[in-house]
Amino acid sequence: MNQFSSSKVLIVDDASIVIVSIKSMLLKLGFSDRLITYCSTARASIQLARQTQYDLILCDYNLGRGMNGKQVFEELKHFNLLHEKAVFILITGENSSTVVHSIIELKPDDYLLKPFNIMSLRERIYASLARKNALYQLYTAQIKHQYEEGVTLCNDLLPFYPEYHYTIERFKGDFLSRLHLHDQSKTLYENILTRKECDWATIGLANSLMKLGEKKAAQKMINKLLTTKPNSTLVRSAAAGISLMNNEVPTAIRHFELASKIVRGNSERELVITNLCISVGDYQSALDRYRAYMEINKETYRNTIFAKMNLVRILLYSCFQCPPELKVPRLNEAKSLYNHIMGMREAAKLKPELDLLLAHIALEEEQYALAISKLNDIHRQMTFNHFYPLHQFAWILNRMNFDSEFARLIPRCSEVIHTDQNENIFASQMTMLKQLQQANVDKLEWLESKHKYIQANRMTLSELIKIYVEINQRCPFLQSVCMSIIKLLARRWPKDGDYVQLMKVVKQCDTVIRQLMDQEELDKANYEQLYQDIMDTN
């Protein structure tokens, strides 16, 4: 019996002439006519894969409008529609480096460039099916994050499949790194490089050296690769990873952005850049990148209610310290999208996350009492199990100077960052958390220095007001500082003070005081009289 006669095949192409041509070749190779299925759209291919487990899928890269072949592969993997020995081969008529690099990044079982003949097709199919049949257990261990079992499998398989020696070693290196066995992974990569020069082994060795504290050697290796292969997304991503380990976040962003220019449409990379931009407070760039992420994924499994909530978050981050002409439309967009999400059927199960978005909206609209009421409810329940809402909650707590609550929340943020997700996404989330913690530390140290300066120096009223205004601009929700500013200005308006700026500060302080202090506190401070004295003076 022909080796292909029992294989179930799916051909996905929007050109009927191509389908006829590929089917004709498959029949000549011994595939059974009754086991060959075909369709012309991404959606149809996914639906067919839900109904039948195919052994071989030949999918065109460009399928016209909607999802492309790359996204079909991602959908099939996400929904577990490819069995462990199934082979997925992408076909493309575009031989540009951008498309080829994009396919290589995706890591399908193989790819074919049009036009191709029956011998090329047979060679690719035979090689892919043979490799998958031999190594399917390694692919399964990788998908299921069974790293210890993966190392054992590599050792067991190596003697029997010498033709796949380097492929098996690459799996083993990845498993060892995932298990944090960096001494062993270092030795493995060094042994590979004595026999064969390959980028993945050099990058693996550099990462192992970084984890072992040999930063200079690791950096030297990556810099050398960058010199010879500046347009390799694999090398750029490795350089970005090294930069993150060195806490050089802007450098990491630049490497990822260059990789994104080389190969566009990589969803995970756009999300990583978004995360890193948030970590350094570049909210405009974060918003631009996340919009690109949403556009790429508008018809894929990633376009969920969670993705939409994340867009609201980033819109709200971008409202922070931006001019009114930008803030108003962004805030309106965030509110409109929030209302849209509230109408989705999944919304009922996500009330705490939606309340957090509402609290953030209220904060940007200067409805501080409502914001704090919602935050208190959320803090009492604390039902978040995902990183992004927890990070947002911590970000708000830091901004509003709830520093004790912030400190207690940070360990929870760390706990929910999944170590078995994409390495770059994991690193970017860790960076978001570290940068937020550092921002809190810097703020508290700065406040302490200002407090000590006030205690140690005799100052004029103007000098004292100037320092309190400086504190207020960085920490506008410190009620004690707001009250001190009102009391000082009620006593005497500084002759050399900037009237417009000081009145703006008074308005801001008054909003905070009236919304965050109860009537008893206001009466005790004789606040109405103090405020009136300022108004009468001016």
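Residues numbered from 1 in each chain as written. Predicted model: local features only at pLDDT ≥ 70, side-chain atom pairs only at ≥ 80, totals over all residues. Heavy atoms only, no water.

Quick word on the UniProt feature "modified residue: 4-aspartylphosphate" (unreviewed entry) in the chain
Under the local residue numbering, the UniProt record ascribes the feature "modified residue: 4-aspartylphosphate" (unreviewed entry) to D60. Examined against the element boundaries, D60 turns out to sit in strand 3 (residues 56–60). Under the relative-accessibility criterion, D60 is labelled buried at 5%. Not counting the four nearest positions on each side in its chain, D60 is found in contact with V12, D13, D14, G69, L90, I91, T92 and K114. (UniProt positions renumbered as here; feature names shortened; annotations may be inferred. Helix = DSSP H or I, 4+ residues; strand = E, 2+ residues; numbered from the N terminus. Buried < 20%, exposed > 50% of the residue type's maximum accessible area, 1.4 Å probe, protein only. Contact = heavy atoms within 4.5 Å.)

Notes on the domain arrangement of the chain
Here the chain is described as being made up of domain 1 (1–144), domain 2 (289–444) and domain 3 (458–536). Measuring from the centre of the C-alpha atoms in domain 1 to the corresponding centre in domain 2 gives 39 Å. Contact with domain 1, which involves 8 residues of that partner, is made by 5 residues of domain 2. Summing both partners gives a buried area of about 610 Å² for domain 1 against domain 2, and 47% of it is carried by carbon and sulfur. Looking only at domain 1, the three residues that lose the most surface to domain 2 are Q71, E74 and E75, adding up to 50% of its buried area. Put simply, domain 1 and domain 2 have 1 salt bridge between them. The partner of E74 in a salt bridge is R302, and the shortest N-O contact between them spans 3.5 Å. Taken together, the connections running from domain 1 to domain 2 amount to 4 residue pairs in polar contact (both at pLDDT 80 or more). Of all the elements, helix 3 (residues 69–78) adds the most residues to the side of domain 1 that touches domain 2, at 4 residues. In the side of domain 1 that touches domain 2, the residues fall into 2 nonpolar, 3 polar and 3 charged. (Domains from an automatic or database assignment. Buried area = accessible area lost by both parts, 1.4 Å probe. Salt bridge = Lys/Arg side-chain N within 4 Å of Asp/Glu carboxyl O. Polar contact = N/O pair within 3.5 Å; in protein donor to acceptor, adjacent residues only side chain to side chain. Nonpolar A, V, L, I, M, F, W, Y, C, P; charged D, E, K, R; others polar.)

Things to note about the packing of aromatic side chains
If you walk through the whole model with that rule in mind, you get 18 aromatic pairs. When the ring of F4 is compared with that of F31, the centres are 4.6 Å apart and the planes differ by 5°; the resulting orientation is stacked. One end of the pair, F4, is in the segment before strand 1 (9–12); the other, F31, is in the loop between helix 1 (16–28) and strand 2 (36–39), with 27 residues separating them in the sequence. We classify F31 as buried; its relative accessible area is 4%. Here W493 and Y499 contribute two aromatic rings whose centre-to-centre distance is 5.9 Å and whose plane-to-plane angle is 50°, an arrangement assigned as tilted. The class for W493 is buried, based on a relative accessible area of 14%. Following the ring pairs from residue to residue traces out a cluster consisting of Y139, Y147, F171 and F175. In this structure, R122 packs its charged tip against the face of Y126, placed 5.6 Å from the ring centre. Above the face of the Y139 ring, K132 is positioned so that its terminal group lies 5.1 Å from the ring centre. (Phe/Tyr/Trp six-rings, centres within 6.5 Å; stacked < 30°, edge-to-face > 60°. Lys NZ or Arg CZ within 6 Å of the ring centre and 35° of its normal.)

Re the pairing of strand 5 (residues 110–113)
Burial along strand 5 is one-sided: D110 and L112 are buried, and none of Y111 and L113, which face the opposite way, are. Relative to strand 5, strand 4 (residues 87–92) runs parallel, the two sharing 4 bridges. Note on strand 5: the bridge partner recorded for T92 is L113. (Pairing = 2+ DSSP bridges.)

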